[in-house]
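Structural overview for review
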There are 2 protein chains.
Amino acid sequence: MTSHDAKRPICIIGLGLIGGSLLRDLAAAGQTVYGYSRPNSGTRSAIKEGFDISDHLDNVLIRANEDRALLVLAVPMAAVDEILDRVVELAPQCGITDVVSVKSPVYRSIRARGLESRYVGGHPMAGTENSGWKASTTGLFVRAAWVITYDFAMEADTAGRSPDQEWVDLFVDVIGMVTTVRAEAVPALVTNHDDAVARISHLPHIIAESLSVVGDQGGLLAQSLAAGSFKDATRVAGTRPELVEAMCESNAPALVGALDDFIAHLQDARAALDTENPDISELAEAGHRARRRLEARSGARKESVSPVKISSRPVLRLRPGGPDWVRQLRQTEDIGGRIEIY
Amino acid sequence: MTSHDAKRPICIIGLGLIGGSLLRDLAAAGQTVYGYSRPNSGTRSAIKEGFDISDHLDNVLIRANEDRALLVLAVPMAAVDEILDRVVELAPQCGITDVVSVKSPVYRSIRARGLESRYVGGHPMAGTENSGWKASTTGLFVRAAWVITYDFAMEADTAGRSPDQEWVDLFVDVIGMVTTVRAEAVPALVTNHDDAVARISHLPHIIAESLSVVGDQGGLLAQSLAAGSFKDATRVAGTRPELVEAMCESNAPALVGALDDFIAHLQDARAALDTENPDISELAEAGHRARRRLEARSGARKESVSPVKISSRPVLRLRPGGPDWVRQLRQTEDIGGRIEIY
């Protein structure tokens, strides 16, 4: 995919489903990778499996600083500030990325500490309704979109400057890491990312929680009859509620907008049903067309028996720091494309 | 499961996903079964596969009448009246069941023709987002709930009478058919069934259509980022829109009620998000508990490697026509239980 490999060591802070799966993939690819995790049974399992893990945060950050490692924050949003304070103190040489599912509050925390030139945000669009190290697995990110934010470069570009070379190098290394785990690097500005995931991730979570409750209130007959359509639409309500709360609450403004759009469609459907001659053909046809387009677009991203995996996302081959490269990132974002470094 | 086998031939009118899958299973079980389907490529495939199919409705009904076959109406709601008119004329000796997903309008059509004593309604809670003979498969109904209506018996019981023996025999034969295809016969009155499926099937369809549209309107970045939670919640928007329209529109009153419940939960969530300190813990925890209960209840219905398959639905062993049997059906319905005949 790219001739660039992330040569600096990678240090992952937090080893849940995402951090743990990233560690497994990077280690399997021969990348120097180690991490920190709170002392718990998952951490003990990870150490037993032979991974280079410590439950002593300060020691891990001191080591990362000596290595000039790339730090990956894979902790819940609520822990980000506390970790960043330790990073400021103990790991001033490290570049920073993260995998937190909402980017605005993370970027606020980064700005509050003046860390913008050392930060490239990330968010892998992968996961299951399970969580923790024990749910981690290799191959979780294959052909998943992995959002990479570039607000620092955008702001520099708007001001007629080039971003610092330190930042450009970090950007390249983060994309190298993403490519190593076979994800697809999709550039997006922080607020655009948050608007998009409100719509296609956080809204489905709110729907799943609400539909679960509505089904439960339907009594035992309704529950006995619940089949595929109900089970699929409520699957992600199996996610630990504190994780759902964290992502929805930290993206509340964007999520309120997405909810308003969605509720308006439901109210239109209600009005179309509550008449002499119910007619939901408009919604049913529009929904069907939209779903078919989604299937057509993502079809090429499905597993196939072919040894050559084809992505359906348009690709931009980018030379970071080259002429017009920030404008190219912006254009790639607009079409939901992916970037490769050459 | 039961010592009773449906000995009368079974004649299926309409060979889409449900009718076709039923035909495959019954034929595989050695049951005499034949059917009618409109002339199309699916019908030609079915005949080529050696099934006893004709595209001449009148001839099929005349044969069914001679055989005193059990007629299974597996056509869309819109075709039910037309088929029933032919049944009245050509198949006056046949008992009738159906697999239509909303029971009130079918029962109105049955009543309009005075066919109540010859009718036991049915609805298998099984299917995929695909349709037509080519989507039909054996084993589709294994451990699925198959609703059996018993309003005729309930009405007789309320009036202090026993239902006609002809109806009781038909009820037994319909359950025999359901048992043969390894589904679980769940008794429900027509309006209770329609309320339940509005909540756990038709509401999820409206949600899937609306969410597909909202995702589509999010632009190319949102669509590129759509992953598991969005894809699962919109899967059934892949269903042919005319099928979604037919079931939702024909169950409009119950579906409006379910939509009102659901919209109220979304509006609560919106209010909880649109504040200084967003807090959706109540919804997230209630939704998670409800989903976990669903998983716990349906867990035992999952495929397992054990040769003994266990249902999680409570079972009533019923002697149709025996003392108190209609009251027992009502009690079984209240707990979403299944019936076995002994």
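Predicted model only: the values in this text are computed from it and were never measured.

Cut-off values and rules
Here, residues in each chain are numbered from 1, in the same order as that chain's written sequence. To read the labels, note that chains go from A and ligands from 1, taken in the order they are written. In view of the model being predicted, local features appear only for residues whose pLDDT reaches at least 70, and side-chain atom pairs are presented and counted only at 80 or more, with totals across whole chains, interfaces and linings using the full set of residues. As a convention, hydrogens and water are excluded, and side-chain values are obtained from all of the structure's heavy atoms. Secondary structure elements are defined from DSSP: runs of H or I of at least 4 residues count as helices, runs of E of at least 2 residues count as strands, and each element is numbered from the N terminus. Each radius of gyration reported is based on C-alpha atoms, and the globular scaling rule is 2.2 Å times the count of residues to the power 0.38. Only protein chains enter the accessibility calculation, which uses a 1.4 Å probe; a residue whose area is less than 20% of its type maximum is buried, one above 50% is exposed, and one in between is partly exposed. Contact criterion: two residues are considered in contact whenever any of their non-hydrogen atoms come within 4.5 Å of each other. Note that accessible areas follow from Shrake-Rupley with a 1.4 Å probe, and for residues the cover is restricted to the protein chains shown. We treat Lys and Arg as the positive residues and Asp and Glu as the negative residues; His and chain ends play no part in the count. Charged side chains are reduced to one point each, which is NZ for Lys, CZ for Arg, CG for Asp and CD for Glu. A pair of strands is labelled paired if DSSP reports no fewer than 2 bridges between them. Between the N-to-C directions of two axes lies an angle of 0 to 180 degrees, each axis being a line fitted to C-alpha atoms and, for a helix, fitted only over the stretch in contact. Joining through side-chain atoms within 4.5 Å is the link that ties buried Ala, Val, Leu, Ile, Met, Phe, Trp, Tyr and Cys residues into a set, and such a set is a nonpolar core. By convention here, the domain bounds are inherited from an automatic or database domain assignment. Here the buried area means the combined drop in accessible surface, using a 1.4 Å probe, for two parts upon being joined, counting both sides. The term salt bridge refers to a side-chain nitrogen of Lys or Arg lying within 4 Å of a carboxyl oxygen of Asp or Glu. Put simply, Ala, Val, Leu, Ile, Met, Phe, Trp, Tyr, Cys and Pro go in the nonpolar bin, Asp, Glu, Lys and Arg in the charged bin, and everything else, Gly too, in the polar bin. The directions from the helix axis to the C-beta atoms form the arc being described. Residues adjacent in sequence count toward polar contacts only when both atoms are side-chain atoms; beyond that, a polar contact is any pair of N or O atoms within 3.5 Å, and within protein one must be able to donate a hydrogen and the other to accept it.

Once that is clear, we can look at the overall build of chain A. The helix and strand tally for chain A stands at 14 helices and 10 strands. At 21 Å, chain A has a C-alpha radius of gyration in line with the 20 Å of a compact globule built from 342 residues. Per-residue burial over chain A gives 58% buried out of 342 residues. Here the analysis covers contacts within chain A between residues at least 6 apart in sequence; of these, 70% occur between residues at least 24 apart. Accessible surface, chain A: about 13600 Å² in total, of which carbon and sulfur atoms supply 49%. For chain A, the separation between the mean place of its 37 positive charges and that of its 45 negative charges on side chains is 6 Å.

Moving on, we come to the sheet that holds strand 7 (residues 145-148) of chain A. In sheet architecture, strand pairing relies on hydrogen bonds along the backbone and comes in two forms, parallel and antiparallel. All names here are of chain A. One open sheet holds the three strands; their spatial order is 6-7-8, and the pairing between them is mixed. The open sheet has two edge strands, strand 6 (122-124) and strand 8 (184-187), and neither has a second partner. Across the sheet, the mean angle separating the axes of adjacent strands is 25 degrees when strand polarity is ignored. Alignment of strand 6 against strand 7, held across three bridges, turns out to be antiparallel. Across the sheet, residue H123 finds its bridge partner in strand 7, namely V147.

In this section: the nonpolar core. Core analysis: the largest hydrophobic core is formed by 79 residues, its most contacted members being A:L225, A:F262, B:L225 and B:F262. Core analysis: the next-biggest nonpolar cluster, separate from the first, contains 73 residues, B:I13, B:V72, B:I110 and B:Y119 among them.

On to the domain arrangement of chain A, then. Residues and elements named next belong to chain A. Domain annotation of chain A identifies domain 1 (10-188 + 311-341) and domain 2 (193-299). For domain 1 and domain 2, the distance between their C-alpha centroids amounts to 30 Å. Summing both partners gives a buried area of about 1100 Å² for domain 1 against domain 2, and 57% of it is carried by carbon and sulfur. Counting across the interface, domain 1 meets domain 2 through zero salt bridges. Looking at the side of domain 1 that touches domain 2 residue by residue, the class counts come to six nonpolar, five polar and two charged.

To continue, consider the environment of A:A145. Inspection of the secondary structure assignment puts A:A145 in strand 7. On the accessibility criterion, A:A145 (2% relative accessible area) is buried. A:A145 sits 42 residues away from A:P187 along the chain, and the two C-alpha atoms are 9.6 Å apart. Ignoring any residue separated from it by four or fewer positions in sequence, one finds A:A145 in contact with A:H123, A:P124, A:M125, A:E184, A:V186, A:R313, B:S224 and B:L225.

Of the residues making up helix 14 (residues 325-334) of chain A, those classed as buried are A:W325, A:V326, A:L329, A:T332 and A:E333. Angular distribution of buried residues about the axis of helix 14 of chain A spans 115 degrees; they occupy a single face of the element.

Quick look at the interface of chain B and chain A now. Each partner contributes to the interface: chain B provides 93 residues, whereas chain A provides 93 residues. At the surface where chain B touches chain A, the tally comes to six salt bridges. Across the pair B:D232 and A:R235 runs a salt bridge, and its minimum N-O distance is 2.3 Å. One can count 28 residue pairs in polar contact (both at pLDDT 80 or more) joining chain B with chain A. A total of 20 residues in the side of chain B that touches chain A trace back to one element, the largest contributor, which is helix 8 (residues 190-216) of chain B. Grouping the constituent residues of the side of chain B that touches chain A by class yields 46 nonpolar, 23 polar and 24 charged.

For a regular strand, side-chain orientation follows a simple rule: the groups alternate between the two sheet faces. All names here are of chain A. Burial along strand 7 is two-sided: A145 and V147 and W146 and I148, pointing in opposite directions, are all buried. Bridge count between strand 7 and strand 8: four bridges; the pairing is parallel. Residue A145 lies in a different strand from strand 8, and its bridge partner there is E184.

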